[in-house]
Amino acid sequence: DQQVKQNSPSLSVQEGRISILNCDYTNSMFDYFLWYKKYPAEGPTFLISISSIKDKNEDGRFTVFLNKSAKHLSLHIVPSQPGDSAVYFCAATEFSYGGSQGNLIFGKGTKLSVKP
Amino acid sequence: DAGITQSPRYKITETGRQVTLMCHQTWSHSYMFWYRQDLGHGLRLIYYSAAADITDKGEVPDGYVVSRSKTENFPLTLESATRSQTSVYFCASRGGVSQPQHFGDGTRLSIL
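Within every chain, residues take consecutive numbers counted from 1 along the sequence as written. Just so you know, chain letters begin at A and ligand numbers begin at 1, following the order they were written in. Given that the model is predicted, a residue must reach a pLDDT of at least 70 before its local features are reported, and side-chain atom pairs must reach 80 or more before they are shown or counted; all residues, however, enter totals for whole chains, interfaces and linings. Note: side-chain values were computed over all heavy atoms of the structure, leaving out hydrogens and water.

J.: What is the right way to read the nonpolar core from this model?
T.: The biggest cluster of nonpolar side chains holds 23 residues, and the ones touching the most others in it are Phe33, Trp35, Leu73, Leu75 and Tyr88 of chain A. Here a helix means four or more residues in a row that DSSP labels H or I, a strand means two or more in a row labelled E, and each is numbered from the N terminus. Elements supplying a minimum of two residues to this core: β3 (19-25), β4 (32-38), β5 (45-51), β7 (62-67), β8 (72-77), β9 (86-93) and β11 (110-115) of chain A. By nonpolar core we mean a set of buried residues, namely Ala, Val, Leu, Ile, Met, Phe, Trp, Tyr and Cys, connected to one another through side-chain atoms within 4.5 Å. For the exposure calls, accessible area comes from a 1.4 Å probe over protein chains only, and a residue counts as buried if that area is under 20% of its type's maximum, exposed if over 50%, partly exposed in between.

J.: Could you clarify how one ought to interpret the pairing of strand β6 (residues 56-59) of chain A in this entry?
T.: Regular strands place side chains that alternate from one sheet face to the opposite one. All names here are of chain A. The pairing criterion for strands is at least two bridges between them, as found by DSSP. Pairing between β6 and β7: four bridges, direction antiparallel. Within the sheet, the bridge partner assigned to Asn57 lies in β7 and is Val64. Turn length for the β6-β7 hairpin, with the two strands adjacent in sequence and antiparallel, is two residues, and the turn residue Gly60 shows positive phi of about 65°.

J.: Is there a simple way to think about the state of the cysteines in this case?
T.: As used in these notes, a disulfide is a covalent bond between sulfur atoms, one from each of two cysteines. All names here are of chain A. Our working definition of a disulfide is a cysteine sulfur pair at a distance within 2.5 Å. Summed over the entire model, instances satisfying the criterion amount to two disulfides over all chains. What pairs with Cys23 in a disulfide is Cys90, and their sulfur atoms sit 2.0 Å apart. One quick way to see it: the torsion about the S-S bond of Cys23 and Cys90 is about -75°, and its sign makes the bridge left-handed. Taken together, the residues Cys23 in strand β3 and Cys90 in strand β9 connect sequence positions 67 residues apart.

J.: Before we go on, may I ask you to explain the pattern of salt bridges in this structure?
T.: Pairing is possible between side chains that carry opposite charge, provided their charged atoms lie close to one another. Between Lys or Arg on one side and Asp or Glu on the other, a salt bridge is scored when a side-chain nitrogen of the former is within 4 Å of a carboxyl oxygen of the latter. The final tally for this structure, using the stated rule, is six salt bridges over all chains. Measuring nitrogen to oxygen at the nearest pair gives 2.8 Å for the salt bridge that ties Arg61 of chain A to Asp84 of chain A. Within this pair, whereas Arg61 of chain A is found in the loop between β6 and β7, its partner Asp84 of chain A is found in the loop between β8 and β9, the two being separated by 23 residues in sequence. Arg61 of chain A gets classed as partly exposed once you look at its relative accessible area, which sits at 22%. One salt bridge in this structure joins Asp38 of chain B and Arg44 of chain B, with 3.0 Å as the shortest N-O distance. With a relative accessible area of 14%, Asp38 of chain B lands in the buried category. Linked by salt bridges that have partners in common, Lys37, Arg61 and Asp84 of chain A make up one network.

J.: I keep staring at the interface of chain B and chain A and nothing clicks. Help me out?
T.: Put simply, an interface is often sized by how much accessible area is lost when its parts join up. The interface of chain B with chain A comprises 21 residues on the first partner and 18 residues on the second. Summed over both partners, buried area is the accessible surface (1.4 Å probe) that two parts give up on being assembled. Across the chain B to chain A interface the summed buried area is about 1600 Å²; carbon plus sulfur atoms make up 56%. When the buried area of chain B at its contact with chain A is split by residue, Leu43, Pro100 and Phe103 of chain B rank highest and sum to 27% of it. Taken together, the links from chain B to chain A amount to zero salt bridges. Polar contact is defined as a pair of N or O atoms within 3.5 Å, subject to the rule that within protein one atom must be able to donate a hydrogen and the other to accept it, and that residues adjacent in sequence are counted only when both atoms are side-chain atoms. Taken together, chain B and chain A are joined by four residue pairs in polar contact (both at pLDDT 80 or more). Elements supplying a minimum of two residues to the side of chain B that touches chain A: β4 (31-38), β5 (42-51) and β9 (87-94) of chain B. With five residues, β5 of chain B is the largest single contributor of residues to the side of chain B that touches chain A. In terms of residue class, the side of chain B that touches chain A is built from 11 nonpolar, seven polar and three charged. Contacts between residues were defined by any pair of non-hydrogen atoms, one from each residue, lying within 4.5 Å. Classes in brief: Ala, Val, Leu, Ile, Met, Phe, Trp, Tyr, Cys and Pro nonpolar; Asp, Glu, Lys and Arg charged; the others, Gly included, polar.

Function-wise, these values are silent; they only describe arrangement.
As C-alpha cells, then:
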C-alpha cells in the first residue's frame, strides 16, 4: 500500500509560469518531508524540505506547503524555467518517533516539462 | 573531490551470476542506503546501514546482500542474479538523522 502518492505522472508548464507539484501521504506518523529533483542518468538531488511543525518553507524560487489535516504537500516553482524540467520525487519519514531511523518513503515521481 | 560515487555505471550480466555494485562516499557519513528505481515504483529501499558493521533490511531486500566493513564503502551484492533484478540502483548517504540523503548517479544493471 502506497504511503506516499504523487498522482500526476507528468506536468507541462510554460516558462515563466508557476509549476505546482502535489503529494499526498497516508501515514500520520510522518513528520518530515522532502522534495528531490532528478535529471536523466543522474541521481536524485535534494531540493527542499519541511518539518511538520511548519506549514511553509521557502528557498528562492521553490516553496513547499504542508497541510497536515489533509495529509497533503505541494511544491511551487515560481517562475518556472526550462532547466527545471526533471522528475520530482516527494519523500516522507518519521524522525520524531525513532524506529525508522529517518528512512525515506518515496512517491513515484512527477515528470515536469517546462516549455520555452 | 568529496561526494558519493557508484561503480560501475552500467553493467550487463546473465541470470545466475554474482554481481557486486560498489558505493563509496568521502563525507564520513554514518548512514548509507541502497535503492532500486523501477518504472511505476519510484525509489524503493533495499538495505541501509547506520554505521560500519550495522546493516538492516529495507522494503525489498530479497536476493541482495550488503556489508559495511568501512564507513566509506557500502557494496551491494546480488548473489545469483535474476531478470527481475534488472533496474537502476542508487546509493545514498547522510550524516545526522535530520540531514537529507545525498545520492550517487546510479548503476544501470541489466540481467539477461
